[in-house]
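What follows is each chain in one-letter form.
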Amino acid sequence: MNERILVIEDDQAILKLLQRGLGYEGYVVAVATDGRSGLNLARQHQPDLVILDLMLPGMDGLEVCHRLRTSGGNLPILILTAKDSVQDRIQGLDTGADDYMVKPFNLDELLARVRALLRRTQQERVAVLKFADLTLDTGSRQASRGNRLIQLTAKEYELLELFMRHPKQVLRREVIFDRVWGYDFGGESNVLEVYIRYLRQKLEEGGEPRLIHTVRGVGYVIRENP
């Protein structure tokens, strides 16, 4: 799956440059032009990395960074700003940013830093995911409930991994489509329902209780209780 990058930047020229440059590298790019909408997008769409300006209308970039960090997770944050003093850099990094670049910037250098942050995050990801009695080994792509091994197709595996990386979090249909299939035809196809049914059959084949639940009108969630 292509990594998703959220750019929170109010300078339209820089925004277009980043959209073009990141898109050319194969990233899926979402944009916001103020801090509050950027924070909301980050929480709703779970990007793999955020590029964040500090001087934003409304909520500034430091506050966005702070709120993203206090909400948990290891989302990589790259601050991209015209504020170039040592104190600004210290403040940005202390607030929770992973990297700090000053405008004007070299696009190739920014892309290299993005790749480095994404590599580091991928290496830090847990190799074995667990929820209740369900285990998913992301190295061997092998699932099991208790001692019972479960054989998964490629798409079933991707779907289950997405759920297990976001336990107890309701995932909207469009988010699941975008992450697993790379596009959204949610209203026109029942492919998601079909794969959910396949996955449930395999996970519950030994009589185990249901873990993947439907949230009507929204999407699906992995949790122990209905």
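From a predicted model like this one, the values you see are computed outputs, not experimental measurements.

1. With respect to the overall build of the protein chain
Line of reasoning, step 1. Tallying secondary structure elements over the protein chain gives 8 helices and 12 strands in all.
Line of reasoning, step 2. Dimensions of the protein chain, computed from C-alpha atoms along their principal axes, come out at roughly 60 × 35 × 30 Å.
Line of reasoning, step 3. Long-range pairs, those at least 24 residues apart, make up 58% of the contacts in the protein chain between residues at least 6 apart in sequence.
Line of reasoning, step 4. When the accessible surface of the protein chain is summed, it comes to about 11,600 Å², and 47% of that surface belongs to carbon and sulfur atoms.

2. Re the packing of helix 2 (residues 35-45) against helix 3 (residues 61-70)
Between two packed helices, the angle of one axis relative to the other and the distance separating the axes together describe the packing.
Line of reasoning, step 1. Two elements in contact, helix 2 and helix 3, have axes separated by 9 Å at closest approach and are oriented at 20 degrees. In terms of axis orientation, helix 2 runs roughly parallel to helix 3. Crossing of helix 2 against helix 3: the hand is right-handed. The residues of helix 3 that touch helix 2, namely those facing Gly35, Arg36, Leu39, Ala42 and Arg43, are Val64, Arg67 and Leu68.
Line of reasoning, step 2. The residue makeup of the contact of helix 2 with helix 3, split by class, is 4 nonpolar, 1 polar and 3 charged.

3. A few points about the nonpolar core
Line of reasoning, step 1. Membership of the largest hydrophobic core comes to 27 residues, with the highest contact counts inside it found for Leu160, Phe163 and Ile176.
Line of reasoning, step 2. Elements with a minimum of two residues in this core: strand 6 (128-131), strand 7 (134-137), helix 6 (154-165), helix 7 (173-181), helix 8 (191-203) and strand 12 (219-222).
Line of reasoning, step 3. Ranked by the residues each element gives to this core, the list is headed by helix 6, at 6 residues.
Line of reasoning, step 4. Once you skip the residues sitting within four places of it in the chain, Ile176 turns out to touch Leu159, Leu162, Phe163, Leu171, Trp181, Leu192 and Tyr220.
Line of reasoning, step 5. With 20 residues, the next largest nonpolar core counts Leu52, Leu62, Cys65 and Ala97 among its residues.

4. Structural notes on the environment of Gly23
Line of reasoning, step 1. Mapped onto the secondary structure, Gly23 falls in helix 1 (residues 12-24).
Line of reasoning, step 2. Look past the residues within four positions of Gly23 in its chain and what remains in contact with it is Leu18 and Val29.

Cut-offs and rules
- Residues numbered from 1 in each chain as written.
- Predicted model: local features only at pLDDT ≥ 70, side-chain atom pairs only at ≥ 80, totals over all residues.
- Heavy atoms only, no water.
- Helix = DSSP H or I, 4+ residues; strand = E, 2+ residues; numbered from the N terminus.
- Contact = heavy atoms within 4.5 Å.
- Areas by Shrake-Rupley, 256 points an atom, 1.4 Å probe, with all protein chains shown as cover.
- Axes fitted to C-alpha atoms, helices over the stretch in contact; angles between N-to-C directions.
- Parallel < 35°, antiparallel > 145°, perpendicular 65-115°, else oblique.
- Left-handed = near helix turned anticlockwise from the far one by under 90°.
- Nonpolar A, V, L, I, M, F, W, Y, C, P; charged D, E, K, R; others polar.
- Core = buried A, V, L, I, M, F, W, Y, C linked by side-chain atoms within 4.5 Å.
- Buried < 20%, exposed > 50% of the residue type's maximum accessible area, 1.4 Å probe, protein only.

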